[in-house]
Every structure is written in C-alpha cells, then in structure tokens.
Amino acid sequence: MISEQKLRQWVDLYLQHIEEISPEVHVRDEEGYKFRSVEMFQRNYMDDASDLAAMLDRAIEKNNLAVGNRYFPRNMLLIFAQEYPEETKAALNALFDQGKDIRIRLDKAQSSFDHIMSERNRKLGEKAISFMGLRFLSLLLGFRYPNTCNAIKPREWKVFCRFVDEDFATTSHTSTGNQYLLFEPYIEALRKYIKTLPQIRNLREQLTRGLDFHDEEFRWMAQDVIYVTARVLAKSKSEPESTHDIVQEP
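Residues numbered from 1 in each chain as written. Predicted model: local features only at pLDDT ≥ 70, side-chain atom pairs only at ≥ 80, totals over all residues. Heavy atoms only, no water.

**Description of unusual backbone geometry**
Inference 1: Its identity is not glycine, yet S22 carries a phi of approximately 90 degrees, on the positive side.
Inference 2: Even without glycine at this site, D215 takes up a positive phi of about 50 degrees.
Inference 3: With respect to the helices and strands, the residue D215 is situated in the loop between α10 (198-207) and α11 (219-238).
Inference 4: Here D215 falls in the buried class, since its relative accessible area comes to 0%. (Helix = DSSP H or I, 4+ residues; strand = E, 2+ residues; numbered from the N terminus. Buried < 20%, exposed > 50% of the residue type's maximum accessible area, 1.4 Å probe, protein only.)

Right, here's the structure in full:
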C-alpha cells in the first residue's frame, strides 16, 4: 500500500534539494534539458519520414536520456533505421499505436527490436545488444505522448516505489509491458499529489518556459521528482559520516 506520509516525505526531499541549489540552477544545469528534449522530439518526429535515420537523429537529442558511458540506445536505433528501415519503422509504429493496449505495444516493440538485433548479430557474427528495454522504449513513448505516457528509469523508480510502499516487489522475467504497468499506480499517486503544490506548479512553469510543451499532466514533473530524489538519496548514502554525526563513547 502506498503511504501518503512517505509520498509527502519524498516530495519534501525534492523541494529541499531545489531550495538548496535554487530553481534557476535546477532548470539551467540539472533537469531543464529533459523538457527541451520532449520539445525537440515533438517538433521533428514524423511517422512517414522518407529518411527514417535522419529524422530520428534530429528528433532524439544526444544527451544522457539516450546516451551514456554504457548505454547506447540512440546509437543502436539509428543503426537499425539505416540498415533495417522498414522493420524499424514497423517497430516504432507498433509502439506508438494508441489503438492498442500499452502493455501489448511495449512487448511487441521489444520483440521486434530483439528480432532486428538477432538478425544483425547473425549477419555480422556479433553479440551486440540493442538497449531497447523499458527505459528507452518508455522514453520514446514519453517523448511521443508526453501527456499520456510515462518515461521510466527502472532503477530510480524502484527506489521510489520501495520508499513509499514497503511491500513493493518486482519479479524476475517480467515483460517490458508488465513492468510499465507495475510502476503506473505509484506514478499516478505522485502526479495527483504534486498537482496540488504551488512550488511544483511554479517550477514546472520555469522548466517549460519558452517551449510549446507545458507538461499539462505533470508526467515529466513526476519523472523529475522521482529521478532527482532517488539521486539525492543515493548521494546521501554514499557520503561518509562527518565527525559531527558520530556519537563519541564517553
């Protein structure tokens, strides 16, 4: 069961972090780029692009949402789009088909990209991975439909869910679609709460200022609150205790 008290504590930690660094620094140096990335995708994505790879290169910004030291889904998607354009377009169309249940869409897209990866590896004699899991597929959904779909980073989301619900648990071999649904009620509870907070509404205005995308449904604000607080907690746990925090024996 989701604890409302723990939910408020989580958001309080977020707001405390924002107050410590200032909203301006948060927007400029920390999380503002994510909201701009949604805008970039919205402006450039086309279902019927003649050059799929070039369109995706414009639509998906090269930042740590899709690129990291050990995380290269953007690169792989562009390779797929260049080498297997029809199969890649079909996989994306399946993912973005709003007429289907989101669980089915995610699982079908996952299966399609796995097949493309398998075929490419067989052809080249490689063992590469596609990185097309929940994190990147939900990011694409969050870009395409930011007011109805959630962009999820599983590691931080698990920290959040366990914080607000001590009974939260995941099972191994859960499909991508079922993983997405597992997090949904926790995100909905958070969205409902942060919509009531003037501080969050003001920060949302700053994060989306100058953009056509205004995050009307607070889904990207929820993403921000979950991710930032999880990182704050991780940092606090990794810092060594100061001498002031150590109880000296008499």
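**Here we look at the environment of I152**
Inference 1: Mapped onto the elements of the fold, I152 is located in the loop between α7 (134-144) and α8 (154-164).
Inference 2: A relative accessible area of 2% places I152 in the buried class.
Inference 3: A C-alpha to C-alpha distance of 20 Å links I152 and Y45, two positions 107 residues apart in sequence.
Inference 4: Setting aside its immediate chain neighbours within four residues, I152 contacts L134, R135, S138, W157, Y180, F183 and I187. (Contact = heavy atoms within 4.5 Å.)

**Things to note about the pattern of salt bridges**
Inference 1: Applying the stated rule across the entire model yields 17 salt bridges.
Inference 2: A salt bridge links E188 to R191; the shortest N-O distance between them is 2.5 Å. With E188 and R191 both in helix α9 (residues 176-194) and 3 residues apart, the pair spans about one turn of that helix.
Inference 3: What emerges from the salt-bridge pattern is a single network uniting E188, R191, K195, E217 and R219. (Salt bridge = Lys/Arg side-chain N within 4 Å of Asp/Glu carboxyl O.)

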